[in-house]
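# Close look at the chain arrangement
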Amino acid sequence: MKRVGVLTSGGDSPGMNAAIRAVVRSCRYYNLESVGILQGYEGLIQNDMLTLGPRSVKNIINQGGTILKTARSEEFRTIEGRKKAYQNIQKNNIDGLIVIGGDGSFKGANIFHQEFNLPFIGIPGTIDNDIFGTDYTIGYDTALNTVVEAVDKLRDTATSHDRVFFVEVMGRDAGFIALNSGIASGAQNILIPEKKDHINELIQSLEQSAKSGKKSSIVVVAEGEELGNVYELAKQVKAKHPDYDIRVTVLGHIQRGGNPSCQDRVLASRLGIAAVEALMKGKTNVMTGLRSNKIVYTPIEEAIQKHHSIDNELLKVAKILAI
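Residues numbered from 1 in each chain as written. Predicted model: local features only at pLDDT ≥ 70, side-chain atom pairs only at ≥ 80, totals over all residues. Heavy atoms only, no water.

### Structural notes on the UniProt feature "binding site: ATP" (unreviewed entry) in the protein
- UniProt records the feature "binding site: ATP" (unreviewed entry) for G11, R72, S73, G102, D103, G104 and S105 in the present numbering.
- With respect to the element layout, S73 can be found in the loop between strand 3 (49-52) and helix 3 (79-91).
- Not counting the four nearest positions on each side in its chain, S73 is found in contact with Y41, E42 and I45.
- Within polar-contact distance, the side chain of S73 engages the side chain of E42 at 2.6 Å.
- Note that D103 resides in helix 4 (residues 103-116).
- Residue D103 is classed as partly exposed on the basis of its relative accessible area of 32%. (UniProt positions renumbered as here; feature names shortened; annotations may be inferred. Helix = DSSP H or I, 4+ residues; strand = E, 2+ residues; numbered from the N terminus. Contact = heavy atoms within 4.5 Å. Polar contact = N/O pair within 3.5 Å; in protein donor to acceptor, adjacent residues only side chain to side chain. Buried < 20%, exposed > 50% of the residue type's maximum accessible area, 1.4 Å probe, protein only.)

Given below as structure tokens:
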């Protein structure tokens, strides 16, 4: 292992730059060369690469997004596109690849590895925290803090006007952001894809809240909630209770941006170094992760086939605190 390529793929998440920095500087520490691949897998196909050194990644640990950019590549989904990518890898003398992204990015890398036997290590970078094999993914903690800060501000308005706020957060297939931010921000109700919710239960909860003396409420809804989107839910509640002053807020992509938290910076730094060390030890087709504050390596096929499950104890906490 002499020359390592690194790319970011899929949706951006705060802390990706910290992971890039860790990869590049640990490569220099171990006398390896590092190559940054721009625009994810598309950069492999277009041969859009640059050599990186310790000074190339200065002052980026505190920045959100990714200096390597990220994009989805339809051409990489084809065997012809992947052949082009491999030819450019050979042309640039890259011996191993580090992919920072989510399960979609890992699926692409897994296929690429199977076809061309290129060593690769995955680093979990996604705000959704839905990757199996690690307690936390890079960007998740920052996204949580962003949501909590936003909901705290919405509560000021909800309290001032005796309103019910429906707040949609990211989580198309996973409710980790909704559940944890909902608990932290004191939400009356939290609706997530993993839990079978019923509109009548939501209405009854709001009614009980009003009877107990609450003049305002916050309902946090994951975007993948099966009952419907946040506007539909608000409409159904309004139909039952025309007297409720209901407002809807969709937080959207602000959850992806912003300076990474301390936790995300440290996590990204640890996983970036662990990825380089894994390549040096001959490991391949695995993902670096953190379990019980220890570095672990999970086979990539497990990481993309299994699911990080919601903690039932947190569901109980949310229910108890909503009284």
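### Thoughts on helix 8 (residues 230-240)
- Looking at helix 8, one finds that the buried residues are V230, L233, A234 and V237. The buried residues of helix 8 occupy an angular sector of 95° when the element is viewed end-on, so they sit on one face. For helix 8, the exposed residues set more than 90 degrees away from the buried face come down to Y231, K235 and A239.
- Close packing links the buried residues of helix 8 with strand 6 (164-169), strand 7 (189-191), helix 7 (199-211), strand 8 (217-222) and strand 9 (246-250). (Arc of directions from axis to C-beta.)

### Regarding the pairing of strand 6
- Buried residues dominate strand 6, accounting for six of its six residues.
- Burial along strand 6 is two-sided: V164, F166 and E168 facing one way and F165, V167 and V169 facing the other are all buried.
- Across six bridges, the pairing between strand 6 and strand 8 is parallel. For V164, the partnering residue across the bridge sits in strand 8 and is S217.
- The pairing of strand 6 with strand 9 spans five bridges and is classified as parallel. Residue pairing across strands places V164 opposite I246, the latter belonging to strand 9. (Pairing = 2+ DSSP bridges.)

### Quick word on the packing of helix 3 against helix 4
- Contact geometry for helix 3 and helix 4: axes closest at 11 Å, N-to-C directions at 70°. Our classification of the angle between helix 3 and helix 4 gives roughly perpendicular. Contacts between helix 3 and helix 4 involve I79, R82, K83, A85, Y86 and I89 on the former and, on the latter, I111, F112, E115 and F116.
- Class assignment for the residues of the contact of helix 3 with helix 4 results in seven nonpolar, no polar and three charged. (Axes fitted to C-alpha atoms, helices over the stretch in contact; angles between N-to-C directions. Parallel < 35°, antiparallel > 145°, perpendicular 65-115°, else oblique. Nonpolar A, V, L, I, M, F, W, Y, C, P; charged D, E, K, R; others polar.)

### Notes on the UniProt feature "binding site: ADP" (unreviewed entry) in the protein
- Residues given the UniProt feature "binding site: ADP" (unreviewed entry) here are R21, A22, V23, V24, R25, R155, K214, K215 and S216. Taken together, the annotated residues stretch across 196 residues and extend over separate regions, lying up to 53.6 Å apart by C-alpha.
- On the secondary structure map, K214 appears in the loop between helix 7 and strand 8.
- With sequence-adjacent residues up to four places away left out, K214 is seen in contact with Q188, S209, A322 and I323.
- Within the structure, the side chain of K214 is placed 2.6 Å from the side chain of Q188, a separation counted as a polar contact.
- Inspection of the secondary structure puts K215 in the loop between helix 7 and strand 8.
- Looking at K215, the relative accessible area reads 60%, which means it is exposed.

### Considerations on the domain arrangement of the protein
- Partitioning the protein into domains gives domain 1 (3-139 + 260-305) and domain 2 (140-256).
- Here domain 1 meets domain 2 over a buried area of about 1100 Å², counting both sides, of which 53% is carbon and sulfur.
- On the domain 1 side of the interface with domain 2, the three residues burying the most area are I127, D128 and N129, jointly 43% of the side's total.
- Between domain 1 and domain 2 we count zero salt bridges in total.
- Along the contact surface separating domain 1 from domain 2 lie eight residue pairs in polar contact (both at pLDDT 80 or more).
- For the side of domain 1 that touches domain 2, a count of residues per class yields five nonpolar, eight polar and four charged. (Domains from an automatic or database assignment. Buried area = accessible area lost by both parts, 1.4 Å probe. Salt bridge = Lys/Arg side-chain N within 4 Å of Asp/Glu carboxyl O.)

### Regarding the environment of R155
- Structurally, the position occupied by R155 is in helix 5 (residues 140-161).
- With residues near it in sequence (within four places) discarded, R155 still touches S185, G186, A187 and I218.
- In terms of polar contacts, R155 uses its side chain to reach the backbone carbonyl oxygen of S185, at 2.9 Å.

### A few points about unusual backbone geometry
- Here N47, not a glycine, exhibits a phi torsion of approximately 60°, which is positive.
- With respect to the helices, strands and loops of the structure, N47 is situated in the loop between helix 2 (41-46) and strand 3.
- With a phi close to 50°, S292 is a non-glycine residue in the positive phi region.
- Counting through the fold element by element, S292 comes out in the loop between strand 10 (286-291) and strand 11 (294-299).
- Take S292: its relative accessible area is 64%, and that puts it in the exposed class.

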